[in-house]
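A look at the structure
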Amino acid sequence: MTAHNKIEPGHDLKAPEHFYINGEWVAPTTQRRIEISSPVTEERLLSYPEAAPADIDRAVAAARHAFDEGPWPRMSPAERASYLRRVSGLIACRLDQIAWAWTRQVGAPISLTKRLVGQNATLFAHYAELAERHPFLECRQRDDGGEVRVLREPIGVCAAISPWNAPMVLLSYKIAAGLAAGCTMVAKPSPETPLEAYILAECIEQAGLPRGVFNLVPAGREGGEHLVRHGDVEKVAFTGSTEVGKHIMRVCADRLARVSLELGGKSAAVLLPDAEFQRALPSLMVYSMPITGQVCFSLTRILVPRARLREFLDLFIPAVQAICVGDPAAPETQMGPLAMARQRERVEGYIAAGRAAGARLACGGGRPRGFERGYFIEPTVFTDVSPDMTIAQEEIFGPVVCVIAYDDEDDAARKANATPYGLNGAVYSADPERAFAFARRMRTGGLTVNGLIVDPKHPFGGYGQSGMGREGGPEGLENYLEVKTVHMAG
Ligand code: NAD
């Protein structure tokens, strides 16, 4: 089988023209197309076909058949693992392309994307390893001495719906775990970022996975809606906004399709009274506004002891002002543009809301000078922020950080927990155990003491309105499994 969609290496991104369905590169059934523009030049970057409901139906039918009749769910986990390892190896050969695709479509700095893309290969290798050692069959004993066999079986046909900000890794989490579990997958990446999903499809094809096990149908909202309403889809794995996540859950409730949701965040970095600010600074600089603040786990609220507020601002504000904003393809750039025009509108709206509410702009707030084109915005810090302000409550998804003063640790805990979200967080202290004790008070799915680490081999996900279920680690595998109990009565 040859791929008609080969993505060219390096800077030259070639638009795909087919969908990957049932192990073949299939022509679209309609003329529908999606156009995306460069966040840097605002000029057209790609035009490619959008899957229509008929294309999506074909993809689901292929996944259905592969699940009901094909070898994949019936293979031993070790056999599936060997395929996943092959996929991992093939991804590893294309990391440079994946990094460039991310940079071109989203505007994420190439220095960052090159550093992070290795996670995709890691995820497939990680799930291969987990598949080999997960307890898919456990033998237990009843009180009457009889044997009970607890099986973990693949859920079935899964839809994987991903957003644009970190396109490949957020898809890899789902596809690697779902495949390791024995599910068959229909991927619908974000319309703004199709390229990584095509690279993944090419790797899966090359690795020789059975027909229909992985299918790719890029589409927008309408296609996503069609997919989640499809009666043959038994599970939806979604990463995206809280609003769409809630809607998907409502749709899936009708037929009790399984749902896992990775949604928005408003995470807090808490500098405890004894924190060494200078040591906290590097991680705050990287993670308070990574990818121009378009990362769900960004540390967008920084909680500082009131008595040390001035000291913190004297350190933090000059560092933010020194961030190198520019062309994401340049190796020295630390912050590129926002990904799209609607993102800039949204972020500017929040900056206006912050000013109107009485927060003080400590730096940024406008468009940087010298950038007539591109969706650039200055890294922005608000102080005098109270926890009930819109800018402290809602996910801005841009380079806008709120510095919030607190009086004592109880006040810090209250303020850290004062949003509907609970995705991530960081606690800084000279005493790691003191920070750990504080971390236990925070209502969030992930935390780091004295820094920020997100490791795809460990569970990631949210409390409250940040989502449901976990990706990464054995918990991520459980997301794709049903539990069956077989009592051996004689
Ligand atoms: P979005 O919710 O608009 O879209 C996400 C995906 O859902 C896209 O593929 C989109 O086409 C699809 N979609 C939209 N409407 C749909 C519908 N009615 N039915 C089915 N699918 C539909 O989000 P976005 O703008 O692409 O991404 C930004 C959001 O994603 C932010 O809120 C961010 O916090 C969140 N996010 C969360 C995580 C996490 O792991 N928790 C990671 C990255 C991004």
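For the structure itself, consult the block above.
Here is a short report on the structure shown in this document. Since the model is a prediction, treat every value here as computed from it, not as a measurement. (Residues numbered from 1 in each chain as written. Predicted model: local features only at pLDDT ≥ 70, side-chain atom pairs only at ≥ 80, totals over all residues. Heavy atoms only, no water.)

Some details on the overall build of the chain
A tally of helices and strands in the chain yields 16 helices and 20 strands. Taking the principal axes of its C-alpha atoms as reference, the chain extends roughly 70 × 65 × 40 Å. Counting only residues that meet the buried cut, the chain has 60% of its 490 residues in that class. Long-range pairs, those at least 24 residues apart, make up 71% of the contacts in the chain between residues at least 6 apart in sequence. For the chain, the computed accessible surface area is about 19,100 Å², with 50% contributed by carbon and sulfur atoms. Of the charged side chains in the chain, 53 are positive and 58 negative; the average position of the first set lies 1 Å away from that of the second. (Helix = DSSP H or I, 4+ residues; strand = E, 2+ residues; numbered from the N terminus. Buried < 20%, exposed > 50% of the residue type's maximum accessible area, 1.4 Å probe, protein only. Contact = heavy atoms within 4.5 Å. Areas by Shrake-Rupley, 256 points an atom, 1.4 Å probe, with all protein chains shown as cover. Lys, Arg positive; Asp, Glu negative; His and termini not counted. Charge placed at Lys NZ, Arg CZ, Asp CG, Glu CD.)

Let's talk about helix 15 (residues 432–439)
Along helix 15, the residues classified as buried are Ala 435, Phe 438 and Ala 439. For helix 15, the arc enclosing every buried residue in end-on projection is 105°, short of the 170-degree limit, so these residues lie on one face. Those residues of helix 15 that are buried lie in contact with strand 12 (268–271), helix 14 (409–416), strand 17 (425–428) and strand 18 (448–449). (Arc of directions from axis to C-beta.)

Some thoughts on the packing of aromatic side chains
A full pass over the atoms with the stated rule returns 10 aromatic pairs. Residues Phe 277 and Phe 312 carry aromatic rings whose centres are separated by 5.6 Å and whose planes lie at 85° to one another, so their mutual orientation is edge-to-face. Of this pair, Phe 277 sits in helix 10 (residues 277–287) while Phe 312 sits in helix 11 (residues 309–321), and the two are 35 residues apart along the sequence. Residue Phe 312 is classed as buried on the basis of its relative accessible area, which comes to 1%. (Phe/Tyr/Trp six-rings, centres within 6.5 Å; stacked < 30°, edge-to-face > 60°.)

Structural notes on the sheet that holds strand 18
As summarised here, the arrangement of the seven strands in space is 14-15-16-13-12-17-18, forming an open sheet in which the pairing is mixed. Each having just a single partner strand, strand 14 (360–363) and strand 18 make up the two edges of the open sheet. Here strand 12 runs beside strand 17; their pairing, made up of four bridges, is parallel. Bridge assignment links Ala 268 to a residue of strand 17, and that residue is Gly 425. Packed on one face of the sheet, helix 11 meets strand 12, strand 13 (301–305), strand 14, strand 15 (380–383) and strand 16 (400–406) and runs near 55° to strand 14. Contacting strand 14, strand 15 and strand 16, helix 12 (residues 341–357) runs over the sheet at an angle of about 25° to strand 15. (Pairing = 2+ DSSP bridges. Axes fitted to C-alpha atoms, helices over the stretch in contact; angles between N-to-C directions.)

Details of the packing of helix 2 (residues 77–92) against helix 6 (residues 167–181)
Relative to each other, helix 2 and helix 6 sit at 160°, their axes nearing to 9 Å. Our classification of the angle between helix 2 and helix 6 gives roughly antiparallel. Between helix 2 and helix 6 the crossing geometry is right-handed. Residues Arg 80, Leu 84 and Ile 91 of helix 2 touch helix 6, and the partners they reach there are Met 168, Ala 176, Leu 179, Ala 180 and Ala 181. Its residues assigned to classes, the contact of helix 2 with helix 6 comprises seven nonpolar, no polar and one charged. (Parallel < 35°, antiparallel > 145°, perpendicular 65-115°, else oblique. Left-handed = near helix turned anticlockwise from the far one by under 90°. Nonpolar A, V, L, I, M, F, W, Y, C, P; charged D, E, K, R; others polar.)

Comments concerning the layout of surface pockets
Estimates place the volume of the largest pocket at around 1,100 Å³. Counting only elements with at least two residues in the lining of the largest pocket, the list comes to helix 8 (221–229), strand 10 (235–239), helix 9 (242–253) and helix 12. Partitioned by chemical class, the residues of the lining of the largest pocket number 15 nonpolar, 13 polar and 11 charged. When residues of the lining of the largest pocket are assigned to domains, at least three fall in each of domain 1 (3–263 + 467–488) and domain 2 (268–455). (1 Å grid on protein atoms, 1.4 Å probe; cavity = no way out; pocket = protein on both sides within 12 Å on 5 of 7 lines; lining within 4 Å. Points joined across faces, edges and corners; volume = space filled by probe spheres on them. Domains from an automatic or database assignment.)

Here we look at the site of the ligand
Every one of the 29 residues lining the ligand counts as a neighbour, but Ser 162, Glu 225, Ser 241, Leu 263 and Glu 395 are closest to it. At a separation of 2.9 Å, an oxygen atom of the ligand approaches a polar side-chain atom of Trp 164. Between a nitrogen atom of the ligand and a main-chain N or O atom of Leu 263, the distance comes to 2.6 Å. Protein contacts shield 93% of the accessible area of the ligand, which totals 850 Å² for the unbound molecule. At a threshold of 2 Å from the grid points, most atoms of the ligand map onto the largest pocket. Elements with a minimum of two residues in the shell around the ligand: helix 8, strand 10 and helix 9. The residues that make up the shell around the ligand include at least three from each of domain 1 (3–263 + 467–488) and domain 2 (268–455). (Near = heavy atom within 4 Å. Polar contact = N/O pair within 3.5 Å; in protein donor to acceptor, adjacent residues only side chain to side chain. Sits in = over half its atoms within 2 Å of the grid points.)

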